[in-house]
Amino acid sequence: MVSRLPSASALVRFCQKLNRIKTLEDDLMETSLKRCLSTVDLTLLGVGGMVGSGLYVLTGTVAKEIAGPAVVISFLFAGIASLLAALCYAEFGARVPKTGSAYMFTYVSVGEIWAFLIGWNVILEYMIGGAAVARAWSGYLDSMFDHKIKNFTETHVAAWNVQFLAHYPDFLAAGILLFASAFITFGVRVSSWVNHIFAGISMAIILFILIFGFILAQPKNWSAEYGGFAPYGFSGIMSGTATCFYAFVGFDVIAASSEEARNPQRDIPIATAISLSIATGAYILVSTVLTLIVPWSTLVPDSALSDAFFRRGYSWAGYIVAAGSICAMNTVLLSSLFSLPRIVYAMAEDGLFFQFFAKVNPTTKVPVIGIVVFGTLMALLALIFDLEALVQFLSIGTLLAYTFVAASIIVLRFQPDKSEPSILRELEPSPHPQDTSVNGERITGEEMKEYESFSDKLQLVDIAKKDKERREAGQLKASFEPYLRFLSDCYPGEVVTIAVVTLMVSAICIGSILVFGTTHLHLPIWSFYLLLTVFIIGFFISLFLIWVHEEQKKRTTFRVPLVPLIPALSILLNIYLMLKLNYMTWIRFSVWLALGFMVYFGYGIWNSKENLREPKNHGVTARYVVFPSSSLEETVQQIQPNPQDTMGRAEITNEEPVKR
């Protein structure tokens, strides 16, 4: 029995390594990067990340094949769903102004292994996303020249007929990625201004599409003669929402840029709100115009907008729209190439990824090695792979990141605030053996006798009472203590963490029943509704258990409203959409996760900065103390200095801390 203790202890320490939380520096604004981005810069980065190929390709695809003219409603619902996730990103970006986006947010609140997996999936998301947009860019340009580039390449270079590979090597897509990578290496100001130019042209062309499109609009295209407004019903609208949701994934570039923002506490939330509003408005209005210019059933998905103007006899307008689509795709490429190296830089800076990716060019203040390496890998993907089968890969990584960020908001909001003083810190022993401290004032050994008077004992009791009345985050609210007294025995924040896990499990069960209940699981109607009711009740009980605990004190930075409701709804929606993905996506996702585990357990866990920190085995180890009212005076007497002690030291040992 005794021989098992070392292995059990080692297992506990190993699990602690997996769940250790990143220690933030005292000065969060200190960085090796250059803080030069304004609110306008961040807003245009966000708009560029969202309003790209989706506007010119996705609108026509969803309208033609999924929702009909009701694609307008699908984009509205998708915008609202994205807002839930964007609010969580905005709070973290303002509160933790460090690059890394979802990876960093998960690391400071949930734990290391989860943060690595999120970062690992976001890397793949940006690589595939950038490569897919590059191929769409080259395809759109090629279509303007009657596919002459494609025909020349297949005839004179190569033509492949291999599964997962493209039909021909796309040198144009690879070239544009390498060219864009070169711009990114010149520094954040250069890449920001290039993004401004393309985003400005794109927004001007979108304005042209709206004005000229509404002039050509024919309301009869929404009439019953052409199938009506919602030919696929409510199911089509919701399926369209699931597809349209991915048009908004680019807003996290704002959070990824928070370490280069001048005033992240103010700029990140404002830029997130404005960019998401612009993107949602653009998608809704453009899809309205598109389905009013020509009947929705006659749309050409790959080039719906330009083709609509061609068919109405305005070929010059079609060329303008095609030029706008190329500019919009350039902004998405820049967004992917801008964010990806910064995620890698953040992971390498923390020691979880190869250290040379953390090097920053002293002149341009950007991670040049990461830009060059991953820009080249992205170009290679665009050159040889058929990315249509991998595009859904984007969805699962993004939705997983959104889910963990929403959960992290709840966990962090209800964690004890380490900056808030406690009675233990007010009475902590002085580093000088002859001194002690009360209320932050040092009292020398000569003053101890006066301090030991009965009136000062009463003052100590009064301090302890005030500290008890000022409940810290993660504790049960005073109004609920008489009814839920059994929860008051837990550590601050412990019940909230358990409730968040229960909430996520309930969300998975609810999503599984809704997606697979009547198809794969073949549940009877009564069983379907019974299980759904049980897990919905579990979901709301978890919400209630979180809500009855104290939040952290108000901060000056942006805070998500209605916590835990908004993050919980975001978790539920993200998990539901993840379960809607096909099984091949989950298989590819599992393979990528396996590779990630090899990198983490082979390199990251041992080279993590948190692993290299020296353990602090001296001093008082207690962090939070809650005094029970029944033994308040006795507790104060225990930590009060002993008058018989000739050295005048408080009798606080390094034994197991008082916890409640």
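Throughout, a residue's number is its position along its own chain's written sequence, starting from 1. The predicted nature of this model means local features are confined to residues of pLDDT at least 70 and side-chain atom pairs, given and counted, to a pLDDT of 80 or more, with totals for whole chains, interfaces and linings taken over all residues. Only hydrogens and water are removed before side-chain values are computed, so all heavy atoms of the structure are retained for them.

(A) Local environment of the overall build of the protein chain. Check the secondary structure of the protein chain and you find 25 helices and 2 strands. Where accessible areas are quoted, they stem from the Shrake-Rupley method and a 1.4 Å probe; at the residue level, only the protein chains shown are allowed to cover. Roughly 29,800 Å² of accessible area belongs to the protein chain as shown, and the carbon and sulfur atoms make up 64% of that amount. Runs of E in the DSSP output that reach at least two residues are strands. Runs of H or I that reach at least four are helices, and both are numbered from the N terminus.

(B) Highlighting the environment of T59. Tracing the sequence through the fold places T59 in helix α3 (residues 53-67). Think of it in three bands: with a 1.4 Å probe and only protein chains considered, a residue is buried below 20% of the maximum accessible area for its type, exposed above 50%, and partly exposed in between. The class of T59 is buried, set by a relative accessible area of 0%. Separated by 224 residues in sequence, T59 and Y283 place their C-alpha atoms 7.6 Å apart. Setting aside its immediate chain neighbours within four residues, T59 contacts G54, V71, F75, Y283, S287 and L290. The contact definition used throughout considers only heavy atoms, calling two residues in contact when any of these lie within 4.5 Å.

(C) Region of the structure containing a nonpolar patch on the surface. What makes a patch is a set of residues exposed beyond 30% relative accessible area and free of salt bridges, joined within 9 Å when like-charged and within 5 Å when nonpolar (Val, Leu, Ile, Met, Phe, Trp, Tyr). For this analysis, a salt bridge means a side-chain nitrogen from Lys or Arg found within 4 Å of a carboxyl oxygen belonging to Asp or Glu. Taken together, F354, F356, I369, V373, L377 and L380 make up a surface patch of nonpolar side chains, about 450 Å² in accessible area. Counting through the fold element by element, F356 comes out in the loop between α14 (315-349) and α15 (368-384).

(D) Structural context of the pattern of salt bridges. In total, this model carries 11 salt bridges according to the counting rule given. As a salt-bridge pair, E551 and R413 come within 2.7 Å of each other at their nearest N and O atoms. Residue E551 is found in the loop between α21 (525-547) and α22 (565-579), and its partner R413 is found in helix α16 (residues 391-413); the two are separated by 138 residues along the sequence. Each of E91, R95, R413, E551 and R559 takes part in one network of salt bridges that share partners.

(E) Molecular detail of the packing of helix α12 (residues 264-293) against helix α13 (residues 304-311). Interaxial angles span 0 to 180 degrees and are taken between N-to-C directions of axes, which are lines fitted to C-alpha atoms, for helices over the stretch in contact. Put simply, α12 and α13 touch, their axes get as near as 10 Å, and they point 35° apart. For the pair α12 and α13, the crossing hand works out as left-handed. Contacts from V286, L290 and I293 of α12 reach α13 at A304, L305, A308 and F309. Residues were grouped as follows: Ala, Val, Leu, Ile, Met, Phe, Trp, Tyr, Cys and Pro as nonpolar; Asp, Glu, Lys and Arg as charged; and all remaining residues, including Gly, as polar. Here the residues of the contact of α12 with α13 are counted per class, giving 7 nonpolar, no polar and no charged. By convention the crossing between two helices is left-handed if the near helix lies anticlockwise of the far one by an angle smaller than a right angle, and right-handed if it lies clockwise.

(F) Molecular detail of helix α20 (residues 494-516). Multiply 1.5 Å by the residue count of a helix minus one, and that product is the helix's expected span. Given a rise of 1.5 Å per residue, 23 residues ought to cover 33 Å, and the 33 Å separating the end C-alpha atoms of α20 matches this to within 8%. Looking only at α20, the buried set comprises V495, V496, A499, V500, L503, M504, S506, A507, I510, G511, I513 and V515.

(G) Focus on the side chain of N574. Mapped onto the secondary structure, N574 falls in helix α22. Assessed through its relative accessible area of 1%, N574 is described here as buried. Not counting residues up to four positions away in its chain, the partners in contact with N574 are F245, L399, Y402 and T403.

(H) Inspection of the nonpolar core at higher detail. Nonpolar cores were defined as sets of buried Ala, Val, Leu, Ile, Met, Phe, Trp, Tyr and Cys residues, with membership established by side-chain atoms within 4.5 Å. Judged by nonpolar contacts, the single largest core of 155 residues is most densely connected at Y56, Y89, F248 and F353. Here this core gets 18 residues from one element, more than from any other, and that element is helix α6 (residues 112-144). Among all residues touching F248, those that are not within four sequence positions of it are M50, F75, A78, G79, S82, L276, A279, T280, Y283 and Y402.

(I) Seen up close, the confidence of the model for the protein chain. For every residue, the predictor states its confidence as a pLDDT score lying anywhere from 0 to 100. The predicted model of the protein chain has a mean per-residue pLDDT of 80, with 81% of residues at 70 or higher. Per-element confidence in the protein chain ranges from a low mean pLDDT of 38 for helix α17 (residues 423-426) to a high of 94 for α21. Below pLDDT 50 for its whole length, residues 420-452 participates in 71 contacts with residues either more than four positions away or in separate chains. Within the model, pLDDT remains below 50 along residues 643-660, and this stretch shows 31 contacts once partners closer than five positions in the same chain are excluded.

(J) Representation of the environment of S287 within the structure. Tracing the backbone shows S287 in helix α12. In protein, a polar contact means a hydrogen-donor-capable atom and an acceptor-capable atom, both N or O and within 3.5 Å, with residues adjacent in sequence counting only if both atoms are side-chain atoms; elsewhere, any N or O pair within 3.5 Å suffices. A polar atom in the side chain of S287 sits 2.8 Å from the backbone oxygen of Y283.

(K) Quick peek at unusual backbone geometry. The amide bond that connects V563 to the next residue, P564, takes the cis arrangement and shows omega of 15°. Along the chain, the position of P564 falls in the loop between α21 and α22. Phi is positive for H522, close to 50°, though the residue is something other than glycine. On the accessibility criterion, H522 (62% relative accessible area) is exposed. Residue L562 is not a glycine yet carries a positive backbone phi of 55°. Residue position: L562 is located in the loop between α21 and α22.

(L) Highlighting the packing of aromatic side chains. Pairing of aromatic rings covers Phe, Tyr and Trp, the last through its six-membered ring, and needs centres within 6.5 Å; plane angles under 30 degrees mean stacked, over 60 mean edge-to-face, and all others mean tilted. Scanning the model with the defined rule gives 40 aromatic pairs in all. With a centroid separation of 5.4 Å and an interplanar angle of 90°, the aromatic rings of Y89 and F251 are classed as edge-to-face. Placement of Y89 in helix α4 (residues 71-95) and of F251 in the loop between α10 (233-244) and α11 (252-256) is noted, with a sequence separation of 162 residues between them. Residue class for Y89 comes out buried when judged on its relative accessible area of 2%.

(M) Spatial organisation of the side chain of E481. Looking at the element boundaries, E481 is found in the loop between α19 (454-469) and α20. In this structure E481 touches R471, L476 and S488, once residues within four positions along its chain are discounted.

(N) Molecular detail of the packing of α20 against α21. Interaxial distance between α20 and α21 falls to 8 Å at its minimum, and their mutual angle equals 155°. Relative to α21, the element α20 is oriented roughly antiparallel. Crossing of α20 against α21: the hand is left-handed. The segment α20 lies against α21, with V496, A499, V500, T502, L503, S506, A507, C509, I510, I513 and L514 engaging F528, L531, L532, F535, I536, G538, F539, S542, L543, L545 and I546. When its residues are assigned to classes, the contact of α20 with α21 shows 18 nonpolar, 4 polar and no charged. By the definition adopted for this analysis, an angle is roughly parallel if under 35 degrees, roughly antiparallel if over 145, roughly perpendicular if from 65 to 115, and oblique otherwise.

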